[in-house]
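Analysis of the macromolecular model
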Amino acid sequence: MNKVFHVMYDDDDTLKTAASQLVAKGIRVKEVFSPFPIHGIDPIIGVKRTRLGIAAFMYASTGTALALLGMWYFMISDWPMNIGGKPSFSLIENLPAFIPVTFEFSVLCGAHGMAITYLLRNGTLPGMPATNPDPRTTDNMFVMEITTEQNSLAAEALEAAIKETQLFELSIKDYK
Amino acid sequence: MQREAAIREPLILGDKSYKDITDDVVGPIQGPAPIGWKIMITISSIIAVYGVGCILYLLGTGIGVWGLNKTVGWAWDITNFVWWVGIGHAGTLISAVLLLFRQKWRMAINRSAEAMTIFAVIMAAIFPGIHMGRIWVSYWVLPLPNQFGSLWVNFNSPLLWDVFAISTYFSVSLVFWYIGLIPDFATIRDRMTKPFAKKAYGLLSFGWSGRAKHWTRFEEVSLVLAGIATPLVFSVHSIVSMDFATSIVPGWHTTIFPPYFVSGAVFSGFAMVQTLLLIMRKGMKLESYIHVKHVEYMNIVIIVTGSIVGVAYLTELFISWYSGVEYESYAFINRFSGPYSWAYWIMMTCNVISPQLFWFKKIRRSLTATFALSIVVNIGMWFERYVIIVTSIHRDYDPSSWGEFYPTNIDIGVFIGTLGIFFTLFLGFARFFPVLALNELKTILKSSGENYKKIQDKH
Amino acid sequence: MANTKRYWSGLDELHETEAFKTIQEHEFPETKSVDEFLSDDRIESTHTGRRDFLKFMGFSLTAATLAACETPVIKSIPYTNKPSDVTPGVANHYASTYYDGQDFINVLVKTREGRPIFVKSNGRTGIGRVNARVNASVMSLYDSARLEGPTKGGESSSWATIDAAVKSGLEAAGRNVLLTNTIMSPSILRSIETLKATSNVEHVSYDAVDYGAFRAAAVVDFGINSLPSYQFDMAETVVTIGADFLGTFADSIFYAERWAKTRRPENGSMSRLHAFETNMSLTGSNADYRTMVKPSEQGKVAAALLSAISGNSATNTLSDVANAAIQSAATDLKKSGTKGLVLAGSNDLHTQRLVNAINAALGAVGTTVLFDHEKGLFQGDQAAFQQLLKDMNAGKVSTLIVSDCNPAYDAVNAEEFIAGLAKVKTSVSTAMVADETASRCGMIAPNHHWLESWSDLQIEKNRIDLVQPTIAPLFDTRASGLSFLTWCNADAGMDWYTYLRSTYNGSYAAEAMYTDREWNEAVHNGHMVMGDRVTETPAYTGADVSAAISNVNKRTGGSFELALYQKTTMGVGQHAANPILQETPDPITKVTWDNYVTMSHSDIDAMGLNGFIGQEAPASVVNIVVGDTSMELPVFPTPGQAPGTIGLALGYGRGANGENIGKAAFQSGESGSFDTDAEGNLIPVGANAFGWARLNEGLVDYTQYDVRVEATGGTYPLACTQIQNTFMGRESIVKETDFTSYFSERDAKKGSASWNKLITLGVHEDVNADGTIDALDNKPTAAFDLWHEHAVEDVGHRWGMTIDLTTCTGCSGCVTACHIENNVPVVGKDEVRRHRDMHWMRIDRFFASDYSLKKGEEEGTGVIESYRRMEDPALNPQTVHMPMMCQHCNHAPCETVCPVAATTHSNEGLNQMTYNRCIGTRYCANNCPYKVRRFNWFNYPGYKKFGNFNPAQDSLMRMVLNPDVTVRSRGVMEKCSMCVQRIQSGKLEAKKDGTPVADGSIVTACAEACPTNAISFGDLNDKGSNVQSISQNNRAYHALEEIGVKPNIFYMTKVRNVEPTQA
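Residues numbered from 1 in each chain as written. Chains lettered and ligands numbered in written order. Predicted model: local features only at pLDDT ≥ 70, side-chain atom pairs only at ≥ 80, totals over all residues. Heavy atoms only, no water.

1. Regarding the overall build of chain B
The criterion, for reference: Numbering of helices and strands starts at the N terminus; helices are DSSP runs of H or I of at least 4 residues and strands are runs of E of at least 2. C-alpha atoms define the radius of gyration in this analysis, and the globule rule sets the expected value at 2.2 Å times the number of residues to the power 0.38. For each residue, the accessible area found with a 1.4 Å probe, counting protein chains only, is set against the maximum for its type, and the residue is called buried under 20%, exposed over 50%, and partly exposed in between.
A count of helices and strands for chain B gives 17 helices and zero strands. Taking 459 residues into account, the globule formula puts the C-alpha radius of gyration at 23 Å, and chain B, at 23 Å, falls close to it. Reported as C-alpha extents along the three principal axes, the dimensions of chain B are approximately 75 × 55 × 40 Å. When each of the 459 residues of chain B is scored for burial, the buried share is 66%.

The following block contains the structure:
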């Protein structure tokens, strides 16, 4: 019979200290729910650095490539026209005129690509159910989620360890 | 925990706790609509409807219902476009640039500033659309494969750059804004009792739960988006300015335009933010979040940008003389001495003289003075665009075609109408959206909250 | 006799077999009646299943949907069998002759699918070059106000009724009079002779504008009743005293071309033109020396000139300026001797006699002044006409036949005519529309339009010019000549053509039509020549002119003097209902859709009237008092108007009583409905000034020596296409010089002559290798290309144009020609006032300012003030007429800025406008330095505002639209296409012949219409083409060269034949 502990704190700093105490005891903190980003919690509970930045860069460079390719095709390869006597012979000669669109399109792809990835990876999409254990976690409460399953300690030992922290409220549920 | 110097003025006044912040922002949304709000939205929506009527008449009859003519092919339409785009710059600038510079004071204003940006850009986007002779084929500006065979758009044209710039800017700011909104919608969702409202905000919040991992991603995304949006802000108005700078019309063909337009945009954008926030903080009792310090900070930005704009004006004049080009120099002589000199001098007074008053701390920190001047500045910036556009083309190279422009009722109606639509949207935002970035404010409560600062001082 | 034949379908029927009968009975098998069918109880057992029902539903739904989306039906009528000479898409040209009582000229009429759509000069075989009035006149054929048949008392009637009524009328006692303008058709005159002979009809003729004094003077001085014909191509010095011979004076249509022949500096000599005039006329604006004199002084000028030439220095009351000008004119005249030419416009016997004396003294008669046609234009007899009016009012006239004239409008005393007409028992008019006169006549027997009818005209002794029909009569009309014959029972069932033929061939028979080579050739050429042109030099017999001198010197004027004139566009009002002419700007004032008082700036300022007419700056209204009549009229400030005088154009105010003479003749409101005055009457365009001409010694004088001008404080909007009158000293737009300076550098290399220097820009490198980098280091604009450009030289065709500012007189013929050729919309007064005229081809008229930046520096005036003063033209300025249309730039700024590539460059050097790709951002127009792009602000072919004047909105006038050119839709940009439709067809012709396109085989509408050949069109890449060689001429330059847009249009430096100091 697995148990899940929802430990509630009324302050981000107390939660942080509590977390480090527990982690010191070798207890694994599964998740933290907070109304705003608690700076410095990630290393404590072992959240890895996100790679979204890299993704964004890749999206953006795809955009750049697409833009240049497209303009080369439209203006030079497919149907070159004499527009105001301006050259329509090679990409290089026409490049100055293509810079703005290239930049804008890169930004477009970069930003949207990253935003979409972000929402997908979070699983935060229209119509998704809220999964925070307690409505107050989006207000002024901070909840730490600890499961027996992830920890070698027995439920009682865990509870004892948790109780040692300055918690505000504790709810224990059976884990289905 | 990060600290900040005691001498720094607190950004959040009063004895606030996390809970208070939530209540202060979500409270008004839960409560019934105040009478003042009802009155304002009625007025603005009536104006909006009138504006829409004018636009429909325009589309039904032809561009001829405006006062344009063979010499002046652009006037109020593009003036309004540039004016609105300019205003639309403050929001992203505040949230992006100031985020990069780690300016905490932005957190009180960025949410509404961004909202303003979105709405302003929507207003701006109306004009390139309706100023077309054949709006029903406006989609031809996109490089779409089509039944005409190899018929592509002209990537040499600054107007096409505009299409990309404006659409990118709009969608990116929208995304930026919304990603910031998601956690706050979650907060409202969890506070809502009425089932419908709960469902609605539940949908809007995308099921946000505030997990630690999500928060890290959230901050990363905000940072990267800010990083992308910053050059975007500058590029957009630079490109708008290229509509003029790449032409050959004396008074338009000016290399100084991009920086000059961008600073002008920030200038007018901040002024508009002032106008809106000063009303909002009163209306929604947000005095403790948006207070004199914020206003002062913004006024400082206004001084700086205003002065840059002033320098740009003078540089233009100097260069027009220094260039020794007949047409160039006449274009500028005509600006300040010709038939439209009145517009030029309104512009000069409003944009160059009036912001200098902010050098006085008293004025800078006086809310009423700020409010008045913010409106003056926006009038000035509208005239700046009018001067650039109309006085340059109404007398260009060939004197035989010199003409003048007289606005019609439809010109005026459309412009007033967009103001109406804009305020309707903004009032809607103020009523149903979290007008402050809750999650961000809470992060700075301890560092910049008045009460916490007091505690710090004790130690 | 009834047909008794029977046809049968087969033997069965013939033999009426059984089988056949049964079949015949059951031809229509009788079916069950509905009741029977329903009463059939088996129906009960049948049933429609759900699936079937759904099937039916589905089907009917689809059917309904398909039926709903039907494509628009375009009504067109195919040729059931093709006419031999009409090929759809291919134009036919017919030689014909235009004569409307004012202008006479041989023309070629272009027809498409049987519709005349364009009138141009018959250059090859004809005489004269069309002007704006003539080439726009084709519109009148399609005027929806034309009568659809004879009318009696305003009700439509039948020819029989009309003829009976007129015949009985002619039998009644009293004077029977036929009133016409100058009839130049021998056949009509022949029919009139018959009419006179058989039913005691007298023929009285008068002219809208009277030239009686010229004939009278000729009779006195040369004993010959003839209009002098001036040989400008022979003249070295021309002195005109108020004669607008380039615009509207007498047979001006022949003069512009001949005069221009002497104005080509490349010939090494130029004629010199001195003008003494009151109003700024087209001629005055082209004069080398122009002096402002009042109407009362014109005679004195002639007198002074005479004495100056004959050497006796008689004193006069003229100003010193005028006298100095007269002296220099006299010097030039004496130098030219027999090659001098003096003419005066005023219809005053004494002035004309003095002019004759001068020309005689110069010995010019026989060289520059010829009296070679007995008949010719303007044979009207004003005295007889006045006598007729008296008799009419005295009730002595029982029958009046009015033909080809409109006395109720243009008679000097129209009221008397109208009053008298009421007293005439039987009155009939042959007008095509119920105009001022016709609508007051008892009956109207409408004549054919000249494009519908046969006619012959004789302007010179030895030639007959032919008018041939180019379309079958649109309505139930009848040639006036035939009407005359019918009314005197002399028609003998003959049709008009037969009668016409029998005039020249008494024994003419219908068959001869096909065999008569001579005649058919004449029809092909538009005229036949009989013998050589006989010119005679009559002896000058009018030695003593002292009476004339004393007469002219007695004249004095009042506070203001009035000079009536004709507009180049409107003539005497015969074109009032022609929207294109109404919209064509007056060459001098650039005002459309109105006439107005022209007044000098000095007088305007003195009276505190508005001196600047703009979109929202309406003209001041003044009250003009002439004798006991007065009119309130707007004032237009006109440089060159003699101070103390005012000018007023004839030919306006047609249909003042709402006569239905055509929609365009009346003012329309913004809503598209006609404007009406307090009584609800239609308001005509402009005011009728004929009433202010005065009878003087039995002749009509078009001046008044004493008029009062009173400011009323009222204002009236005028629609002006050009509100800035000077070119602000921008010498890269207009280049001009004097003949002496030109001559001294006539062989200079292109771009090096002082009067046409290649424009260069300073660079920061030591170009001239003098060791220093300074202002001398310049490069031509061509050197400043950022990229290597598309090749244009020697690659296929490169269509280009050259425009000679020296010979362009500003006559506006090109404007109307372009307007018609390219279906340019007519937008009406209100839109023109809003600065939205649609002309593809416009003529920029620049007046010289007597101020300049240089002068400002000398006088220490600030730059700002100097520029402000440079906006004001001089009081008596020199004028430049500069045709301006799309310059087809090789580096077109309009092209680069179009987001959808709707305007691009063709590989033949054309700047193409793709209407159906245009989305209407107007960026191209803003970026065009020449401002030649025109935007369709409204749906001109459909929007109500333009219903009254835009030809595309009139079901009949629509016929004049050129099928080769699309009518542009709302919201797209348009501009000069260099008549690409003509280029394409020209290339097609060449292709069919398998030959390269020959130079001159393709001509644009404007170049074709230019009477002075100032405009030439051709292929710049075709070495040896006319346009190519002209473009290499050292006078050739690009307007606004320093912008570096590289136009394909070249302008030729304007050369004035003046002393270097006065250039």
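2. A short note on the packing of aromatic side chains
Stated formally: When two rings of Phe, Tyr or Trp (its six-membered ring) have centres within 6.5 Å they constitute a pair, described as stacked for plane angles under 30 degrees, edge-to-face for angles over 60, and tilted for the intermediate range.
For the structure shown, the criterion picks out 91 aromatic pairs over all chains. An angle of 70° between the planes, with centres 6.5 Å apart, marks the rings of Phe119(B) and Phe429(B) as edge-to-face. You can see Phe119(B) sitting in helix H5 (residues 110-130) and its partner Phe429(B) sitting in helix H15 (residues 409-432), a full 310 residues away along the chain. When sorted by exposure, Phe119(B) lands in the same class as Phe429(B), which is buried. Ring geometry for Phe946(C) against Phe949(C): centres 6.3 Å apart, planes inclined by 80°, an arrangement best described as edge-to-face. Under the relative-accessibility criterion, Phe946(C) is labelled buried at 0%. The exposure class assigned to Phe949(C) is buried, which follows from its relative accessible area of 9%.

3. Things to note about the interface of chain B and chain C
Stated formally: Contact definition: two residues touch when any of their heavy atoms are within 4.5 Å. For this document, the term salt bridge refers to a Lys or Arg side-chain nitrogen within 4 Å of an Asp or Glu carboxyl oxygen. Here a polar contact is taken to be a pair of N or O atoms separated by no more than 3.5 Å, where protein atoms must pair a possible hydrogen donor with a possible acceptor and residues adjacent in sequence count only if both atoms sit in side chains. Each residue gets one of three labels, nonpolar for Ala, Val, Leu, Ile, Met, Phe, Trp, Tyr, Cys and Pro, charged for Asp, Glu, Lys and Arg, and polar for the others, Gly among them.
At the interface, 63 residues of chain B touch 62 residues of chain C. Linking chain B to chain C there are five salt bridges. A salt bridge links Asp77(B) to Arg922(C), with the shortest nitrogen-to-oxygen separation between them at 3.0 Å. Along the contact surface separating chain B from chain C lie 41 residue pairs in polar contact (both at pLDDT 80 or more). Breaking the side of chain B that touches chain C down by element, the ones donating at least two residues are helix H2 (35-61), helix H6 (158-191), helix H8 (212-245) and helix H11 (326-337) of chain B. For the side of chain B that touches chain C, the residue count by class is 34 nonpolar, 20 polar and nine charged.

4. A word on unusual backbone geometry
All names here are of chain C. Within the chain, Ala250 stands out as a residue other than glycine whose phi angle is a positive 40°. With respect to the secondary-structure elements, Ala250 resides in the loop between strand S9 (237-241) and helix H10 (255-261). Of note in the backbone geometry, His835 takes a positive phi value of approximately 70° without being a glycine. For His835, the position within the fold is in the loop between helix H27 (828-833) and strand S34 (842-847). Assessed through its relative accessible area of 4%, His835 is described here as buried.

5. Remarks on the side chain of Asp288(C)
Residues and elements named next belong to chain C. Relative to the helices and strands, Asp288 is located in the loop between helix H11 (282-286) and strand S11 (289-292). On the accessibility criterion, Asp288 (6% relative accessible area) is buried. Side-chain polar atoms of Asp288 contact the backbone nitrogen of Leu273, separated by 2.8 Å. A distance of 3.0 Å separates a polar side-chain atom of Asp288 from the backbone nitrogen of Asn1057. Leaving out residues up to four positions away in the same chain, Asp288 has contacts with Arg263, Ser271, Arg272, Leu273, Gln878, Arg1056, Asn1057 and Val1058.

6. Focus: the sheet that holds strand S17 (residues 455-460) of chain C
All names here are of chain C. Here is the rule we go by: Strand pairing is assigned whenever DSSP identifies at least 2 bridges connecting the two strands. The axes used here are C-alpha line fits, helices contributing only the stretch in contact, and every angle between their N-to-C directions lies in the interval 0 to 180 degrees.
Across the sheet, three strands lie side by side as S17-S18-S19; this open sheet has antiparallel pairing. The open sheet has two free edges, formed respectively by S17 and strand S19 (527-529), since each of these has just one partner strand. Each adjacent strand pair in this sheet contributes to an overall mean axis angle of 25°, direction not counted. As paired strands, S17 and strand S18 (residues 463-467) are joined by four bridges and run antiparallel to one another. Residue Ser455 lies in a different strand from S18, and its bridge partner there is Val467. Running over the sheet, helix H21 (residues 517-525) touches S18 and S19 and is turned about 120° from S19.

7. Points about the environment of Thr147(A)
All names here are of chain A. Residue placement: Thr147 occurs in strand S3 (residues 142-147). For Thr147 and Leu158, which are eleven residues apart along the polypeptide, the C-alpha to C-alpha distance reads 9.1 Å. Ignoring any residue separated from it by four or fewer positions in sequence, one finds Thr147 in contact with Lys3, Val4, Lys30 and Leu158.

8. Let's talk about the side chain of Asp11(A)
Following the sequence through the fold, Asp11(A) ends up in the loop between strand S1 (3-9) and helix H1 (12-24). With sequence-adjacent residues up to four places away left out, Asp11(A) is seen in contact with Phe142(A) and Lys446(B).

9. Points about the interface of chain A and chain B
The cut-off we apply is this: Buried area is calculated as the accessible area (1.4 Å probe) missing from two parts once they are joined, with the contributions of both summed.
The partner chain B presents 54 residues to the 62 residues of chain A that form the contact. Together, the buried faces of chain A and chain B total about 5300 Å²; carbon and sulfur atoms form 65% of this surface. The salt bridge involving Arg211(B) is made with Glu31(A); its shortest N-O contact spans 3.4 Å. Our enumeration of links across chain A and chain B arrives at 23 residue pairs in polar contact (both at pLDDT 80 or more). For the side of chain A that touches chain B, the secondary structure elements donating two or more residues are H1, strand S2 (31-33), helix H2 (41-45), helix H3 (52-78) and helix H4 (91-122) of chain A. With 19 residues, H4(A) is the single largest residue contributor to the side of chain A that touches chain B. Grouping the constituent residues of the side of chain A that touches chain B by class yields 35 nonpolar, 15 polar and twelve charged.

10. Describing a positive patch on the surface
Residues and elements named next belong to chain A. Put simply, the rule reads: By definition, no residue in a patch forms a salt bridge, and every one has over 30% relative accessible area; like charges are joined within 9 Å, nonpolar side chains (Val, Leu, Ile, Met, Phe, Trp, Tyr) within 5 Å. Where accessible areas are quoted, they stem from the Shrake-Rupley method and a 1.4 Å probe; at the residue level, only the protein chains shown are allowed to cover. Only four residue types enter the charge count, namely Lys and Arg as positive and Asp and Glu as negative; His and the chain termini do not. Here the site of a charge means atom NZ of a Lys, CZ of an Arg, CG of an Asp or CD of a Glu.
Judged by side-chain charge, Arg28, Lys48, Arg51 and Arg121 come together as a positively charged surface patch. Looking at the element boundaries, Arg28 is found in the loop between H1 and S2. Since its relative accessible area comes to 45%, Arg28 is described here as partly exposed.

11. Observations concerning the pairing of strand S10 (residues 272-277) of chain C
Residues and elements named next belong to chain C. Basically, it comes down to this: Here, the term right-handed applies to a crossover whose path from the first strand over the helix to the second runs clockwise when the strands point away from the viewer.
Burial analysis of S10 places six of its six residues in the buried class, the great majority of the element. In S10, alternate side chains face the same way, and those of Arg272, His274 and Phe276 on one face and Leu273, Ala275 and Glu277 on the other are all buried. Where S9 meets S10, five bridges bridge the pair, whose relative direction is parallel. By the bridge assignment for S10, Thr240 is matched with Ala275. Taken together, S9, H10 and S10 form a β-α-β motif whose crossover is right-handed.

12. Structural notes on the sheet that holds S2(A)
Residues and elements named next belong to chain A. A sheet is described by the order of its strands in space; here four strands give the open sequence S2-S3-S1-S4, paired in antiparallel fashion. At either margin of the open sheet sits one strand with a lone partner, and together these are S2 and strand S4 (169-174). The average angle at which neighbouring strand axes cross in this sheet is 20°, direction not considered. In the sheet, S1 pairs with S3 via six bridges, with the strands oriented antiparallel. Note on S3: the bridge partner recorded for Val4 is Thr147. Packed on one face of the sheet, helix H5 (residues 155-164) meets S1, S3 and S4 and runs near 5° to S1.

13. Side note on the domain arrangement of chain A
What counts is decided by this rule: Here the bounds of each domain stem from an automatic or database domain assignment.
For chain A, the assigned domains read domain 1 (2-49 + 133-175) and domain 2 (52-122). One C-alpha centre belongs to domain 1 of chain A, the other to domain 2 of chain A, and the line joining them spans 47 Å.

14. Structural notes on H5(B)
Rules: By this rule, a helix spans an expected 1.5 Å times one less than how many residues it contains.
Taking 1.5 Å per residue, 21 residues should reach 30 Å; H5(B) reaches 30 Å between its end C-alpha atoms and fits that length. Across the 21 residues that make up H5(B), a large majority, 18, are buried.

15. Here's the deal with the packing of helix H4 (residues 89-100) of chain B against helix H9 (residues 257-283) of chain B
Residues and elements named next belong to chain B. As a reminder of what qualifies: Put simply, angles under 35 degrees are roughly parallel, angles over 145 are roughly antiparallel, angles from 65 to 115 are roughly perpendicular, and the rest are oblique.
Running from N to C, H4 and H9 point in directions that differ by 90°, and their axes come no closer than 7 Å. Taken together, the axis directions place H4 and H9 in an arrangement best described as roughly perpendicular. Between H4 and H9, the contacting residues are His89, Ala90, Leu93 and Ile94 on the first element and Ala265, Val266, Gly269, Phe270 and Val273 on the second. Across the contact of H4 with H9, the residue classes tally to seven nonpolar, two polar and no charged.

16. Overview of the nonpolar core
To keep it simple, the criterion reads: Nonpolar core, defined: a set of buried Ala, Val, Leu, Ile, Met, Phe, Trp, Tyr and Cys residues in which side-chain atoms within 4.5 Å join the residues together.
In terms of nonpolar packing, the biggest core is built from 376 residues, with Met144(A), Phe155(B), Phe245(C), Phe249(C) and Met882(C) touching the most fellow members. In terms of residue count, the dominant contributor to this core is H6(B) (18 residues). Aside from chain neighbours lying at most four places away, what touches Met144(A) is Phe5(A), His6(A), Val7(A), Tyr9(A), Leu15(A), Ala18(A), Ala19(A), Leu22(A), Val29(A), Glu31(A) and Val32(A). Formed by 30 residues, the second largest nonpolar core is a distinct cluster that contains Leu306(C), Leu318(C), Ala364(C) and Ala548(C).

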